[in-house]
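# Results of the structural survey
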Amino acid sequence: HIGGAIGIKIRYIYYKKQFKSCGSKVVIEEGVYFENLKSISLGSNIWIDKQTILLGGAFNPNNRDYFQKGDVAVEWGDLIIRDGVHIAPYSLVQAHGGVKIGENVTIASGSKIYSLSHHYKNLNNPDDPKRYSFSTMAKPEDQFLIIGNVIIEDHAAIGLNSVILPGTHIPNGTWIGVMSTVSSKEKLTPNSVFQSK
């Protein structure tokens, strides 16, 4: 929690060798929280702003049923952040199902990116009448999860307080509007603007 240029330099020196890979000119502000640093790959010229949470580490089913959304282009647990990215304050990126953020992208303040989440029903068996729990503390047999890579391509933008769900693909140059929720069902096109209702 050391402010200013001195704190930024100390944090860069401290964290650089702990990441899976890390480029140059990486600014890590005060209050940033990392989990599973060896699963996180950073490019260069990156700004990770105050109170941001970045979670790496692969999902372990541990006797829980799950549904895979889309192909696996990024290994489960890997968080890849390319050059020129700004992750603004109070954002969260959860990469248990794999997340890749392309070049020159901003994740605006308060936004959340999830590559793994719970679901209330069994997506593998539509005849299953069970209502599943929304808690990682529930018994494994009472949980059903959705996992899927989140891919955000170059020059995209994630607006303030938006939520990106497992399996979402945001194409090159696409901007997500303020307070939007984007799931894998959205078929976005490059260089478009999406605003959820």
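Small disclaimer: the values here were computed from a predicted structure and weren't measured.

Each value, and the rule that gives it
- Residues numbered from 1 in each chain as written.
- Predicted model: local features only at pLDDT ≥ 70, side-chain atom pairs only at ≥ 80, totals over all residues.
- Heavy atoms only, no water.
- Buried < 20%, exposed > 50% of the residue type's maximum accessible area, 1.4 Å probe, protein only.
- Helix = DSSP H or I, 4+ residues; strand = E, 2+ residues; numbered from the N terminus.
- Pairing = 2+ DSSP bridges.
- Salt bridge = Lys/Arg side-chain N within 4 Å of Asp/Glu carboxyl O.
- Expected span 1.5 Å × (residues − 1).
- Arc of directions from axis to C-beta.
- Contact = heavy atoms within 4.5 Å.
- Phe/Tyr/Trp six-rings, centres within 6.5 Å; stacked < 30°, edge-to-face > 60°.

Burial along strand β15 (residues 144-147) is two-sided: Phe-144 and Ile-146 and Leu-145 and Ile-147, pointing in opposite directions, are all buried. Across four bridges, the pairing between strand β7 (residues 65-68) and β15 is parallel. Looking at β15, one finds that Asp-65 is bridged to Phe-144.

On to the sheet that holds strand β19 (residues 169-170), then. Across the sheet, six strands lie side by side as β1-β4-β8-β11-β16-β19; this open sheet has parallel pairing. The open sheet has two edge strands with one neighbour each: β1 (21-22) and β19. Strand direction decides the pairing type here: strand β11 (residues 99-101) and strand β16 (residues 150-152), joined by three bridges, are parallel. Looking across to β16, one finds that Lys-100 is bridged to Ile-151.

Here the focus is the pattern of salt bridges. Should the charged atoms of two oppositely charged side chains come close, the side chains can pair. Counting across every chain of the model gives three salt bridges. Taking the shortest distance from any N to any O, the salt bridge between Lys-50 and Glu-29 comes out at 3.5 Å. Of this pair, Lys-50 sits in the loop between β5 (46-48) and β6 (53-55) while Glu-29 sits in the loop between β2 (26-28) and β3 (33-35), and the two are 21 residues apart along the sequence. Take Glu-29: its relative accessible area is 10%, and that puts it in the buried class. With a closest N to O distance of 2.8 Å, Asp-142 and Lys-130 form a salt bridge. Placement of the pair is Asp-142 in the loop between β14 (116-118) and β15 and Lys-130 in the loop between β14 and β15, with a sequence separation of 12 residues. The exposure class of Asp-142 is partly exposed, given its relative accessible area of 25%.

Here helix α1 (residues 4-16) is 13 residues long and its end C-alpha atoms lie 18 Å apart, about the 18 Å a rise of 1.5 Å per residue gives. When α1 is considered as a whole, its buried residues turn out to be Gly-7, Arg-11, Tyr-12 and Tyr-15. Angularly, the buried residues of α1 cover 135° about the axis, an arc narrow enough to put them on a single face. Facing away from the buried side of α1 by more than 90 degrees, the exposed set consists of Ala-5, Ile-6, Lys-9 and Ile-13. Along its buried surface, α1 packs onto β1, β2 and β3.

Turning next to unusual backbone geometry. Phi at Asn-36 is positive, roughly 60°, even though this residue is not glycine. Among the structural elements, Asn-36 can be located in the loop between β3 and β4 (40-42). Judged by relative accessible area, Asn-36 falls into the partly exposed class, the value being 42%. Non-glycine residue Asn-191 carries a positive phi angle of around 60°. Here Asn-191 is to be found in the loop between β21 (181-182) and β22 (193-194).

This part covers the sheet that holds β22. Two strands in a sheet stick together by hydrogen bonds in their backbones, pointing the same way (parallel) or opposite ways (antiparallel). An order of β2-β5-β9-β12-β17-β20-β22 is seen for the seven strands of this open sheet, with the pairing classed as parallel. A strand with exactly one partner marks an edge of an open sheet, and here the two such strands are β2 and β22. Here β5 runs beside strand β9 (residues 86-87); their pairing, made up of two bridges, is parallel. The residue bridging Ile-48 from the neighbouring strand is Ile-87, located in β9.

What follows concerns the packing of aromatic side chains. Under the definition given, this model contains eight aromatic pairs. A ring pair is formed by Phe-59 and Trp-76, whose centres lie 5.6 Å apart and whose planes are at 50°; its orientation type is tilted. Residue Phe-59 is located in the loop between β6 and β7, and its partner Trp-76 is located in the loop between β7 and β8 (79-81); the two are separated by 17 residues in the primary sequence. Overall, the relative accessible area of 7% leaves Phe-59 in the buried class. Connected via pairs of aromatic rings, a cluster forms that spans Tyr-14, Tyr-15, Phe-19 and Phe-34.

Functional significance is not addressed by these values, which are geometric in nature.
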